[in-house]
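Spelled out, the chains give:
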Amino acid sequence: MLWKTWNFVQNFWNGSREYFLLVEEWNGAYEVTRAYRNLKKKEITICEGYAVKDLDGVRRPAKKTDYIIFSLGSERATTAENTVVLKRPKPNEAITESEMDQLVHKGFWDFLNRYRAMAAKKMKTSDSDLIMAYVQVRDVSIGTHKMYNPVGFEGKELNLKIRGTFVPRETLPSLERFKDWGKIFVFESASVLGDFLPESGSFSVQIGETATSVFKVHGNEKAFEVGYGWGTGTFTGGVAAELGIDEASARAIIRLYFENNVSVKVKKWLEGRVNESVRELAGLLEPLKKKTKISRPKIYFSGRIKNFPGAAIRVDEELERKEYIIKKKNAALGFESLIEQNALALLVFEYDLPKFEYLNRLLKRRVKWLIPNF
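What you see is a predicted model, and the numbers here were worked out from it, not measured in a lab. (Residues numbered from 1 in each chain as written. Predicted model: local features only at pLDDT ≥ 70, side-chain atom pairs only at ≥ 80, totals over all residues. Heavy atoms only, no water.)

**Student:** Explain the pattern of salt bridges here, please?
**Tutor:** Pairing of side chains with opposite charge becomes possible as their charged atoms draw close. Summed over all chains, the structure comprises 27 salt bridges. With its nearest N and O atoms 3.0 Å apart, the salt bridge here joins Arg163 to Asp195. Of this pair, Arg163 sits in strand E8 (residues 157–168) while Asp195 sits in the loop between strand E9 (183–188) and strand E10 (202–207), placing them 32 residues apart in sequence. For Arg163, a relative accessible area of 7% puts it in the buried group. The closest approach of N and O atoms between Arg321 and Glu318, which form a salt bridge, is 2.8 Å. Here Glu318 and Arg321 lie together in helix H7 (residues 315–321), a separation of three residues that amounts to about one turn. Residue Glu318 is classed as partly exposed on the basis of its relative accessible area, which comes to 23%. Residues joined in a network through salt bridges with shared partners are Glu81, Arg163, Asp195 and Lys222. (Salt bridge = Lys/Arg side-chain N within 4 Å of Asp/Glu carboxyl O. Helix = DSSP H or I, 4+ residues; strand = E, 2+ residues; numbered from the N terminus. Buried < 20%, exposed > 50% of the residue type's maximum accessible area, 1.4 Å probe, protein only.)

Next comes the structure, spelled out in structure tokens:
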């Protein structure tokens, strides 16, 4: 009762503010960011940031939280988005509520069957052990005509754009303790920057310490493409050995290098080590370019890593072009927009879609046996 009263007071005073708790999995640990946004004023405020070894270390914010966002590694989550095309048996008749219910159900099963096997194989689990931690209709049209609710309209084909996230069932217990904190959304970290790729036929490459994930954006599809056992740790060990320091210290130095915060002498010394590893990664990506059906595929890298082949995905620059203001409280002075591209993308994503509320209500009613009670 006390929490509800406190949340009501904050809603009254803060108006259009939406409060976030971002929990991002990076290199076997979690980076937690507390922030709020006001999309009407185009303001994003970073309140606090800290790191924890496991989800038990995430602190519940004292203030109300609208969204709890989990960005998990590709080993623990699989996010995909695609448009499902559904042919209608009676195209000259108006869509009824009953038919709409059936179409949404069929669309979900088409989506599920398209990605379930891939997700299970990628996360090394069985099809039957998968849960959809997130599923949502993101767009709808009859032919080329976009609309919010197709009931009452005629047409040969209904197009449903569906985005969903699969997780192994064993992941749920670690997420369920957050269900009373706010609305929970779960994404694969490699998918987060997909909406910011400037063109179809692109690959988003996200590099961690021990692994690299490649996410494809082509046509209507956004989905995991391939993973490599390559990461920044491939040169961390060498740097630690040459300097006679532990790997944690070496990682800190390398991070400063990528942020361009080292001396000219250290920068020159590290460039040789980094460039050698970069060539190794470029060699891994070359077969991907050749085997893909995409002509002239474009490679983009997360802004978290600089100086890699391909263009950087710069969410911060896109927000600046749209005249967004990013503010930082004292507890978040370490938040670097250049590095935290994923966090910025999560803070401007459109989570609630009132225009598709009817369709998403049908969807969740149909698949409630496969989604957690968040």
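**Student:** What is the right way to look at the sheet that holds strand E15 (residues 325–328) in this model?
**Tutor:** Paired through their backbone hydrogen bonds, the strands of a sheet run either parallel or antiparallel. Taken in spatial order, the six strands make up an open sheet running E9-E4-E1-E2-E3-E15, and their pairing is mixed. Looking along the sheet, the strands with just one partner apiece sit at the ends: E9 and E15. Strand-to-strand twist in this sheet, taken as the mean axis angle between neighbours without regard to direction, amounts to 25 degrees. As paired strands, strand E3 (residues 43–52) and E15 are joined by four bridges and run parallel to one another. When the sheet's bridge partners are listed, Ile46 is paired in E15 with Lys328. Of the strands in this sheet, strand E1 (18–26), strand E2 (29–38), E3, strand E4 (67–72), E9 and E15 are in contact with helix H8 (residues 341–348), which crosses E1 at around 145 degrees. (Pairing = 2+ DSSP bridges. Axes fitted to C-alpha atoms, helices over the stretch in contact; angles between N-to-C directions. Contact = heavy atoms within 4.5 Å.)

**Student:** How do you make sense of the environment of Val135 when you look at a structure like this?
**Tutor:** Tracing the backbone through its elements, the reader meets Val135 in strand E6 (residues 130–142). Those residues in contact with Val135, other than ones at most four positions away along the chain, are Phe108, Ile162, Arg163, Gly164, Leu363, Lys364, Val367 and Ile371.

**Student:** Hey, could you run me through the packing of helix H4 (residues 233–243) against helix H6 (residues 264–291) in this one?
**Tutor:** Between two packed helices, what matters for the description is the angle formed by their axes and the separation of those axes. Between H4 and H6, whose axes approach to 9 Å, the crossing angle comes to 150 degrees. The angle between H4 and H6 places the two elements in the roughly antiparallel class. Every pair of crossing elements has a handedness; the one defined by H4 and H6 is right-handed. Contacts between H4 and H6 involve Thr234, Phe235, Val239, Glu242 and Leu243 from the former and Trp269, Leu270, Arg273, Val274 and Ser277 from the latter. (Parallel < 35°, antiparallel > 145°, perpendicular 65-115°, else oblique. Left-handed = near helix turned anticlockwise from the far one by under 90°.)

**Student:** Looking at this structure, I do not really get the nonpolar core. What am I missing?
**Tutor:** When a protein is soluble and globular, its nonpolar side chains tend to lie buried together. Ranked by internal contacts, the top residues of the largest apolar core, which has 34 residues, are Met100, Leu160, Phe166 and Leu359. Residue assignment for this core shows that the elements contributing at least two residues are strand E5 (78–87), helix H2 (97–122), E6, E8 and helix H9 (357–366). Among the elements that line this core, the one with the most residues is H2, at nine residues. Grouped together as the second largest cluster of nonpolar side chains are 31 residues, Leu22, Ile44, Ile46 and Tyr351 included. (Core = buried A, V, L, I, M, F, W, Y, C linked by side-chain atoms within 4.5 Å.)

**Student:** Sorry if this is basic, but what is going on with the side chain of Ser202 here?
**Tutor:** For Ser202, the position within the fold is in strand E10. Within polar-contact distance, the side chain of Ser202 engages the backbone oxygen of Glu199 at 2.7 Å. When neighbours within four sequence positions are excluded, Ser202 is seen to be in contact with Leu197, Phe215, Lys216, Val217, Lys298 and Tyr300. (Polar contact = N/O pair within 3.5 Å; in protein donor to acceptor, adjacent residues only side chain to side chain.)

**Student:** Honestly, the pairing of E1 in this entry has me stumped. Any pointers?
**Tutor:** Regular strands have side chains that alternate between both faces of the sheet. Summarising burial for E1: eight of the nine residues are buried, a large majority. Direction of pairing for E1 relative to E2: antiparallel, over a ladder of nine bridges. When the bridges of E2 are listed, Leu21 appears paired with Arg34. From the end of E1 to the start of E2, which pair antiparallel, there are two residues, and Asn27 there has a positive phi angle of about 55 degrees. By the bridge criterion, five bridges tie E1 to E4 in an arrangement that is parallel. Residue pairing across strands places Leu22 opposite Ile69, the latter belonging to E4.

**Student:** Would you explain H4 in this entry?
**Tutor:** It helps to recall that an α-helix has 3.6 residues per turn; residues three or four apart then point in one direction. Every buried residue of H4 is accounted for by Phe235, Thr236, Val239 and Ala240. Seen from one end, H4 has its buried residues packed into an arc of 145 degrees, which puts them on one side. Contact partners of the buried residues in H4: helix H5 (247–258) and H6. Positive backbone phi, approximately 70 degrees, marks Gly244, located one or two places after H4. (Arc of directions from axis to C-beta.)

**Student:** Quick question: what am I supposed to make of unusual backbone geometry here?
**Tutor:** Where the residue is not glycine, phi is negative for most of them; where a peptide bond is considered, it is trans in most cases. For Lys124, which is not glycine, the phi dihedral falls at a positive 55 degrees. If you trace the backbone, Lys124 turns up in the loop between H2 and E6. Phi is positive for Arg296, close to 55 degrees, though the residue is something other than glycine. Mapped onto the elements, Arg296 comes out in the loop between H6 and strand E13 (298–302).

No statement about biological role is implied by the geometric values presented.
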